[in-house]
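# Reading the structure
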Amino acid sequence: MSVNLGVDPGVDLSVVVPAYNEEQRLGPTLDALRDHLETTCRGAWELIVVDDGSTDGTAEIAAAASAADPRVQLLRGGRNRGKGHALRLGVLASYGRRVLVTDADLAAPIEELDHLDKALADGHAAAIGSRARPGATIDTHQHRLRELLGRTGNFLIRSVAVPGIRDTQCGFKLFDGDRARKAFAASRLHGWGIDVEILQYFRRAGWPVAEVPVRWSHQEGSKVRPLDYVKVLAELTTLKARMVRRADVLVALLFLALSVFLYSSRWTAPAHRYIPDSLQDQNQWEWFFAVTADNVRHLNNPLFTTLQNVPDGVNLMANTVMLGLSVPLAPVTWLLGPAVALNVAMTGGLAATAVSWYALIRRRLVPHRGAAAVGAALAAFAPPMVSHANAHPNFIVLFMIPLIIERALRLCEGTRVVRNGVVLGLYTTYQIFLGEEPLLLAALGMLLFALAYAAVRRDVARAAWRPLARGLAIALAVTIPLVAYPLYWQFFGAQSYKSVLHGDNVGNSPLAFLSFAERSLAGSHETADHLAMNPTEQNAFYGWPLAALAFAIVVRLWERTVVKALTFTVLAAVLLSLGPKFRIPLTDHVLTGPWAALSGRPLFESVIESRVAMVCAPALGMLLALALVQLLRAPRRMHRFAGVAAVALALLPIFPAPLKAVDRVDVPPFIAQGTWRTYLGEGETLVPVPVPDPANAEGLHWQVAADLGFRIPGGYFNGPWGPDRIGIYGPSPRNTSTLLRDVRSSGRVPEVTPDWREAVRQDLEYWKAGLLVLAPQQNDGQLRETVDALLGRPGKWVGGVWIWDLRKGS
């Protein structure tokens, strides 16, 4: 094979025809091509047939044509390796000033060359035939199903690889010769994906490509099958993987290593290790993953279940069940269990979030990989994120948020508004199934940034608001139909509620921003516990060194518009996170905070306001990335060294320590070995003692260990309470559940009266109880004595637990 990267001035046009088992039509195709070229080509031409390992008479026909006309050449490609390999051989062997590649079936007749040639003469580097552009003519259609599959595949291909080109796979393309040979020399794909790879090369090089409508007819015996579009997508995926820079891969691996380091104590034995700072949330989340996988397996309603809170059930859409992850990870849950699935979701999701912030910062803010990586690390592994990493995957799996921000920025630019609006709508839909509250907080942060940027750059705001408004309208039009039913179920379906009561004083103290979180290297439990609701809600705690560094960065870079907007975003988020009222530290003065204007408003009524401080993490990360770039550009080495050292000293105190994990309490053999099955009749429930609630949700772990084989009253979830359907954590209180909870916490056995026995009888009947189970725990002796007295008979020790069999006749 000869490779010609220079042009023979004597050849004006090279025509390359890949051929595989085309003996039935290659002869007429070559005759048609030669006749047209002979009569219309202005200069010398050559016709190159590349035999891609045919097993019929294709090569013989081409050889005969070559013998009759030396301008026809035959190249043999050896064994069959695909259209891409054949085209590469043919184009690299060409000499023409222009190069036409056409399929052997001439579905687009050679006469259409004139239309492509005109586009090339107008200054384009390539002109590709299109069946999808207005003006195209389809003389003979494919079968409807085949055509539908082809359009769908082509849509996916252009969405992934070459947006803006409607038809990448029409086999009729004219190129500038020099540029075609460079592009094909750099190509790697052997199959049908070669067309997209070449178009990508032209786009990256800045060479203009025209998509020209042509006349086209389906030819029987086509080698393109509907599934070949899937192969093209697979080839493009491989191509994209090859294009990733090693430095970017290294950054991603570092983020993954940091995430694994954070969860290292659980990865030693995921099913047998528990994060104590998650309180009861790990039990709840493993249950969420288990019940979702069970619903998927049995094709049940994924938005509701009666496995908890019998008989009323739980509105899963109104809880943070994260269908966007728990559904795709259902196979992991089936094979390895929900503990592993949850670990995969949290470890991988946190790393993916960091990668997503890294990509956004590099694309939109600073090209320097090191600076972008440091900024992204702060955005994803800031103390509030690490705090939520104990228990709340919905607040650490945020990889969609940077993607949503990127699409919104594209809308502001006014390019491809419809496409970007549709993509934004799809991204938003998926984020809703990952977490609605993080989406709300992200939207609030984006709004704060946009208002500040618009105030400084009104010219940019005037140019951006119309395409942004149009794109947001398109995004809503896409999102609303997709989420309408799930959101209807969330707000109006069974066990829906209005708002969640979080209690008073859930805003941040101003001191929390200057202090260190418990899992930061400089942190302590005593300080953090005093300033936060619990270990999972340490939503500020950026530390005074980082605050001082951020102040210095803002002063140094204040002239930049983006710095002003980021500064406003941080300060506004800090003030909002203080809550409707806050106390000035070291004084008795209480002030009204700006959150008072939002408190009680729809959507914001259920937000824990201290979480607004999480908006500061990516904004501070971006400021840090900007500063690092400036430092690395400093002309004097001493200044560079001092600046980087100052950044390291500010970040070191908040570097995360691994999350604490302890050995899990074993599931009693009575549950783990399935002994419970012999004690429960159809429709009956197993009642743990005390009844599960948000403070004691071990019963959910029992359910998971029993493959969700029994139902329980109570549980850990958000549900309605009272006639106003106010949201609370756990079930509505009943006499029996309240009594048993009080006995466990106080250790006092109450006086059991006939009224108490009747109340308990009614509750057990309401719960359809078939069995009461008491495992060893705090004050278990007092609990057993109480239940004995309430039921009027002693319990029985079976399989490591005390049981009371409530079946009729027992």
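Residues numbered from 1 in each chain as written. Predicted model: local features only at pLDDT ≥ 70, side-chain atom pairs only at ≥ 80, totals over all residues. Heavy atoms only, no water.

### Looking at the overall build of the protein chain
Looking only at helices and strands, the protein chain features 30 helices and 21 strands. Principal axes of the C-alpha set define a box for the protein chain whose edges measure 110 × 70 × 45 Å. The proportion of buried residues among the 810 residues of the protein chain is 54%. Pairs at least 24 apart in sequence give 78% of the contacts found in the protein chain among residues at least 6 apart. Split by element, the accessible area of the protein chain, about 35900 Å² in all, is 59% carbon and sulfur. (Helix = DSSP H or I, 4+ residues; strand = E, 2+ residues; numbered from the N terminus. Buried < 20%, exposed > 50% of the residue type's maximum accessible area, 1.4 Å probe, protein only. Contact = heavy atoms within 4.5 Å. Areas by Shrake-Rupley, 256 points an atom, 1.4 Å probe, with all protein chains shown as cover.)

### Section: the sheet that holds strand S21 (residues 801-805)
Taken together, four strands build an open sheet; the order of strands is S16-S19-S21-S20 and the sheet is mixed. Two strands in the sheet have a free side with no partner beyond their single neighbour: strand S16 (685-688) and strand S20 (796-798). Taking the axes of each pair of neighbouring strands and ignoring which way they run, one obtains an average angle of 35° across the sheet. By the bridge criterion, four bridges tie S16 to strand S19 (residues 769-774) in an arrangement that is parallel. Bridged to Val-687 within S19 is Leu-772. (Pairing = 2+ DSSP bridges. Axes fitted to C-alpha atoms, helices over the stretch in contact; angles between N-to-C directions.)

### Let's talk about the side chain of Asp-117
Along the polypeptide, Asp-117 turns up in helix H4 (residues 113-121). Relative accessible area serves as the criterion here: at 16%, Asp-117 is assigned to the buried category. Non-local contacts of Asp-117, meaning those with residues more than four positions away in its chain, are made with Arg-42, Arg-98 and Leu-174.

### Digging into the sheet that holds strand S7 (residues 172-176)
Taken together, the seven strands give an open sheet; going across it, the order is S3-S2-S1-S4-S7-S5-S8, and neighbouring strands pair in mixed fashion. Edge strands, defined here as strands with exactly one partner in the open sheet, are strand S3 (72-76) and strand S8 (209-213). Averaged over all adjacent pairs, the angle separating strand axes in this sheet is 20°, with direction ignored. As judged from the five bridges shared by strand S4 (residues 98-102) and S7, these two strands associate in the antiparallel manner. Along S7, the bridge assignment pairs Thr-102 with Phe-172. Packing against the sheet, helix H2 (residues 58-68) makes contact with strand S1 (11-19), strand S2 (44-51) and S3, and its axis sits at approximately 145° to S3.

### Quick look at the pairing of S4
Look at any regular strand and the pattern is simple: side chains alternate between the two faces of the sheet. The buried fraction of S4 is high, at five of five residues. The alternating pattern of S4 places Arg-98, Leu-100 and Thr-102 and Val-99 and Val-101 on opposite faces, both of which are buried. Here four bridges tie S1 to S4, and the two strands are oriented parallel to one another. Its bridge partner being in S4, Ser-14 is matched across the sheet by Val-99.

### Details of the pattern of salt bridges
Any two side chains of opposite charge can pair if their charged atoms end up close together. Enumeration over the complete set of coordinates arrives at 31 salt bridges. Linking Lys-118 and Asp-122 is a salt bridge whose minimum nitrogen-to-oxygen distance equals 3.5 Å. Asp-122 matches Lys-118 in its accessibility class, with the two residues each being exposed. One salt bridge in this structure joins Glu-406 and Arg-364, with 2.9 Å as the shortest N-O distance. With Glu-406 in helix H17 (residues 400-413) and Arg-364 in helix H14 (residues 338-364), the pair connects residues that are 42 residues apart, well separated along the chain. Taken together, the salt bridges that share partners define one network made up of Asp-12, Arg-97, Arg-98 and Asp-117. (Salt bridge = Lys/Arg side-chain N within 4 Å of Asp/Glu carboxyl O.)

### Description of the environment of Leu-448
Relative to the helices and strands, Leu-448 is located in helix H19 (residues 436-456). Along the primary structure Leu-448 and Asn-80 are separated by 368 residues, whereas in three dimensions their C-alpha atoms are 58 Å apart. Not counting residues up to four positions away in its chain, the partners in contact with Leu-448 are Phe-568, Thr-569, Ala-572, Ala-573 and Leu-576.

### Thoughts on unusual backbone geometry
The step from Val-310 to Pro-311 runs through a cis peptide bond, and the omega angle for that step is 5°. Considering the arrangement of structural elements, one finds Pro-311 in the loop between strand S11 (304-305) and strand S12 (314-315). Non-glycine residue Leu-279 carries a positive phi angle of around 60°. Among the secondary structure elements, Leu-279 is positioned in the loop between strand S10 (273-274) and helix H11 (281-298).

### Structural notes on the nonpolar core
Formed by 145 residues in total, the largest nonpolar core has its most connected members in Trp-287, Val-366, Leu-620, Phe-670, Ile-671, Leu-686 and Phe-710. A total of 12 residues in this core trace back to one element, the largest contributor, which is helix H24 (residues 616-632). When sequence neighbours within four positions are dropped, the list of residues in contact with Phe-710 reads Leu-307, Ile-671, Trp-676, Leu-680, Leu-686, Trp-702 and Gln-703. Core analysis: the second largest hydrophobic core is formed by 33 residues, Val-17, Ala-65, Leu-174 and Val-214 among them. (Core = buried A, V, L, I, M, F, W, Y, C linked by side-chain atoms within 4.5 Å.)

### Here we look at the packing of helix H9 (residues 246-262) against helix H15 (residues 369-381)
At a minimum axis distance of 11 Å, the contact between H9 and H15 shows a crossing angle of 25°. Judged on the interaxial angle alone, H15 and H9 are roughly parallel. The chirality of how H9 crosses H15 is right-handed. When H9 is examined against H15, the residues Ala-247, Asp-248, Val-251, Phe-255, Leu-258 and Ser-259 are found in contact with a partner set consisting of Arg-369, Ala-373, Ala-376, Ala-377 and Phe-381. (Parallel < 35°, antiparallel > 145°, perpendicular 65-115°, else oblique. Left-handed = near helix turned anticlockwise from the far one by under 90°.)

Fair warning: the whole summary comes from geometry, so function is off the table for now.
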